[in-house]
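# Understanding the architecture of this molecule
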Amino acid sequence: MSKYVIISNLTDEGARTLKKNPGRIKEVNKELKDMGVNVTDQYAVLGNFDFISIVEAENDDNVMKAVIEIASRGSIKTATYKVIPIDELIESFK
């Protein structure tokens, strides 16, 4: 499984939805899992972003499809990064 960091910002519509239904975050995490993307850690952030999520998936395609599906609803904008564990990076140089 590969790991990814998803940095996200709520749109105005997303902020209204979250205010009315804070549990929607967990509902979206379940939807992501059904799409093959497992949220392992998630944080609300004070600053330039609203949320940082650490996710795992079998491949890049699953993550891309899931992020596009969620973003297409108009409630969130995302930036997604594939991350490489340091031990794997070090091993790749041997």
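For the structure, check the block above.
This section reports on the structure supplied with the text.

### Some thoughts on the overall build of the protein chain
In terms of regular secondary structure, the protein chain is built from four helices and four strands. Each helix (α) and strand (β) of the protein chain, taken in turn from the N terminus, gives the series β-α-α-β-β-α-β-α. The principal-axis extents of the C-alpha atoms in the protein chain amount to approximately 50 × 30 × 20 Å. Relative to all contacts within the protein chain whose residues are 6 or more apart in sequence, the contacts with residues 24 or more apart total 67%.

### Some remarks on helix α2 (residues 24-34)
When α2 is considered as a whole, its buried residues turn out to be V28, N29 and L32. Taken around the axis of α2, the buried residues stretch over an arc of 105°, which confines them to a single face. In α2, those exposed residues whose orientation departs by more than 90 degrees from the buried face are K26, K33 and D34. Packing partners of the buried residues in α2 comprise β2 (37-44) and α3 (60-71). After α2 finishes, the residue G36 shows a positive phi value of roughly 90°.

Reading the values: rules and limits
Residues numbered from 1 in each chain as written. Predicted model: local features only at pLDDT ≥ 70, side-chain atom pairs only at ≥ 80, totals over all residues. Heavy atoms only, no water. Helix = DSSP H or I, 4+ residues; strand = E, 2+ residues; numbered from the N terminus. Contact = heavy atoms within 4.5 Å. Buried < 20%, exposed > 50% of the residue type's maximum accessible area, 1.4 Å probe, protein only. Arc of directions from axis to C-beta.

So yeah, pure geometry; function would need other evidence.
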